[in-house]
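Take a look at the letters that make up each chain.
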Amino acid sequence: MHAKMTKQAVFSLSLVFLCLCSTTLGQAPAQAPAQAPAKPAHGPPKHTHTPARPGTPDVIKILQNVGGFSILIRLLRTTAVADQIKGQLDNSNSGFTLFAPTDSAFSNLKSGTLNSLNNEEKIRLLQFHTLPKFYSLENFQTVTNPLRTQAGDSNPGDYPLNVTAAGGQVNISTGVVNATVTGTLFSSNQLSVYRVDSVLLPMDIFVPKAPPAPAPAPVPVLKPKAKTKPAATPKSITPTSTPTTNTTTTPTVLVDSGAMGLTKHGILVSVGFSVFIAAFSL
């Protein structure tokens, strides 16, 4: 009887022990303490380059992939025109068209042509090869010339460019040279790049300007002549009374030449008559 009760007590204690162990094991483990936020790095924030819009074409990469445009690539980089085109492509909806002269086209230029240009003229030369609008080859059949380039307006003297298409061939005229499009290097809805066989030379840079006409000589201003006073008319002399003297004056008789001739003849006649009387009395 006693042994039976002992077994029951042990069994009860075992059940209690098992319940306590299962309760302890079922509890969730304690969470780790939260870490303190990392301190910001010392020093000024670094400038980051804004990435280009996805899908924006890169002119330099296009020319490098094709090959044969090393001179044009060098000019686009040294003048920063390549960066200008890329930035404008990111902010423009009209697109751009680039006429790309080959290395052989640059080698056909007169020796020293590029070296004679300053940096501003080189920029204008490259901008003269860029149209601020996307043109397909078909669009050139209906364009109105002259076309506006990035170098300036289409007015005479402002870098105009004439592009015509006939029979599947696109011709370009600058007023200095004539070029032909020999192939399409790249074409999308943003950018078109065409190979040309000549460097497009603008008149504004490569045509000597006529010297300005000399200024006209100033017209002399004629001063009005001073008014001359008419000569004074001599006043008539009024005879004045003179004191009476014993001397009598014989008035002078003015006669004309005919009267004088008659007087002379009369004297001669009277003298001759007196001589005749004297001779007769003797």
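Residues numbered from 1 in each chain as written. Predicted model: local features only at pLDDT ≥ 70, side-chain atom pairs only at ≥ 80, totals over all residues. Heavy atoms only, no water.

Trainee: Give a description of the overall build of the chain that names residues and reports values.
Mentor: Of the regular secondary structure elements, the chain holds 8 helices and 6 strands. Mapped from its N terminus to its C terminus, the chain presents α and β elements in the order α-α-α-α-β-α-α-β-β-β-β-β-α-α. Across the 282 residues in the chain, those meeting the buried criterion constitute 24%. Looking at the chain alone, contacts between residues at least 24 apart form 64% of all its contacts between residues at least 6 apart. When the accessible surface of the chain is summed, it comes to about 21600 Å², and 61% of that surface belongs to carbon and sulfur atoms. (Helix = DSSP H or I, 4+ residues; strand = E, 2+ residues; numbered from the N terminus. Buried < 20%, exposed > 50% of the residue type's maximum accessible area, 1.4 Å probe, protein only. Contact = heavy atoms within 4.5 Å. Areas by Shrake-Rupley, 256 points an atom, 1.4 Å probe, with all protein chains shown as cover.)

Trainee: Before we move on, can you summarise the pairing of strand E6 (residues 191-196) with the specific residues and values?
Mentor: Burial of E6 is extensive: 5 of the 6 residues sit out of reach of the surface. In this sheet, E6 lies alongside strand E1 (residues 96-101) in parallel orientation, the contact comprising 6 bridges. In the sheet register, threonine 97 faces E6, and the bridge partner there is serine 192. Connecting the antiparallel pair strand E5 (residues 178-187) and E6 is a turn made up of 3 residues. (Pairing = 2+ DSSP bridges.)

Trainee: Residues and numbers for the pattern of salt bridges, please.
Mentor: Taken as a whole and judged by the stated rule, the model has 1 salt bridge. Between lysine 86 and aspartate 58 there is a salt bridge, and its shortest N-O distance comes to 3.8 Å. Of this pair, lysine 86 sits in helix H4 (residues 81-91) while aspartate 58 sits in the loop between helix H1 (2-26) and helix H2 (59-66), and the two are 28 residues apart along the sequence. (Salt bridge = Lys/Arg side-chain N within 4 Å of Asp/Glu carboxyl O.)

Trainee: Tell me what's going on with the side chain of threonine 174, and back it up with residues and numbers.
Mentor: Of note, threonine 174 is situated in the loop between strand E4 (169-173) and E5. By relative accessible area, threonine 174 is classed as buried at 5%. Reaching out from threonine 174, the side chain makes a polar contact with the backbone oxygen of leucine 201 at a distance of 2.8 Å. For threonine 174, the contacting residues outside a window of four places in its chain are Phe128, Leu161, Leu200, Leu201 and Met203. (Polar contact = N/O pair within 3.5 Å; in protein donor to acceptor, adjacent residues only side chain to side chain.)

Trainee: So what about the packing of aromatic side chains? Which residues, and what values?
Mentor: On inspection of all chains with the given rule, the structure shows 5 aromatic pairs. Relative to phenylalanine 140, the ring of tyrosine 135 has its centre 5.4 Å away and its plane inclined at 20°; by these criteria the two rings are stacked. An identical accessibility class is assigned to tyrosine 135 and phenylalanine 140; each is buried. Through successive ring pairs, a cluster of aromatic residues spans Phe99, Tyr135, Phe140 and Tyr194. (Phe/Tyr/Trp six-rings, centres within 6.5 Å; stacked < 30°, edge-to-face > 60°.)

Trainee: Before we move on, can you summarise H4 with the specific residues and values?
Mentor: Every buried residue belonging to H4 is among Val81, Ala82, Ile85 and Leu89, and all of these are buried. Burial along H4 is one-sided: seen end-on, the buried residues are contained in an arc of 105°. Among the exposed residues of H4, those pointing more than 90 degrees away from its buried face are Asp83 and Asn91. (Arc of directions from axis to C-beta.)

Trainee: Outline the nonpolar core, supporting the account with residue identities and numerical values.
Mentor: Of all hydrophobic cores here, the largest spans 49 residues; its most connected members are Leu63, Leu76, Phe99, Phe140 and Ile172. Ranked by residue count, the leading element in this core is helix H3 (residues 70-78), at 5 residues. For leucine 76, the contacting residues outside a window of four places in its chain are Val59, Ile60, Leu63, Val81, Ala82 and Leu126. (Core = buried A, V, L, I, M, F, W, Y, C linked by side-chain atoms within 4.5 Å.)

Trainee: Report on the packing of H2 against H3, specifying residues and quantitative values.
Mentor: The description of two packed helices rests on the angle between their axes and on the distance between the axes. The N-to-C vectors of H2 and H3 enclose an angle of 165°; their axes lie 10 Å apart at closest approach. Relative to H3, the element H2 lies roughly antiparallel. For the crossing formed where H2 meets H3, the hand is left-handed. On H3, the residues that touch Val59, Ile60, Leu63 and Gln64 of H2 are Leu72, Ile73, Leu76 and Arg77. (Axes fitted to C-alpha atoms, helices over the stretch in contact; angles between N-to-C directions. Parallel < 35°, antiparallel > 145°, perpendicular 65-115°, else oblique. Left-handed = near helix turned anticlockwise from the far one by under 90°.)

Trainee: I'd like a rundown of the sheet that holds strand E2 (residues 130-131), residues and numbers included.
Mentor: Judged by pairing direction, the sheet is mixed, and its 6 strands sit side by side in the order E2-E1-E6-E5-E4-E3 without closing on themselves. Edge strands, defined here as strands with exactly one partner in the open sheet, are E2 and strand E3 (162-166). In the sheet, E1 pairs with E2 via 2 bridges, with the strands oriented antiparallel. Its bridge partner being in E2, leucine 98 is matched across the sheet by threonine 130.

Trainee: Please set out unusual backbone geometry residue by residue, giving values where relevant.
Mentor: The omega torsion across asparagine 145 and proline 146 is -5°, close enough to zero to call that bond cis. You can see proline 146 is positioned in the loop between E2 and E3.

Trainee: Please provide a residue-by-residue account of the environment of arginine 77, values included.
Mentor: Position of arginine 77 relative to the elements: it lies in helix H3. Since its relative accessible area comes to 52%, arginine 77 is described here as exposed. C-alpha of arginine 77 to C-alpha of isoleucine 60: the two residues are 17 residues apart in sequence and 8.5 Å apart in space. Filtering out sequence-adjacent residues up to four positions away, arginine 77 remains in contact with Ile60 and Gln64.

That's the geometry; what it means functionally is another story.
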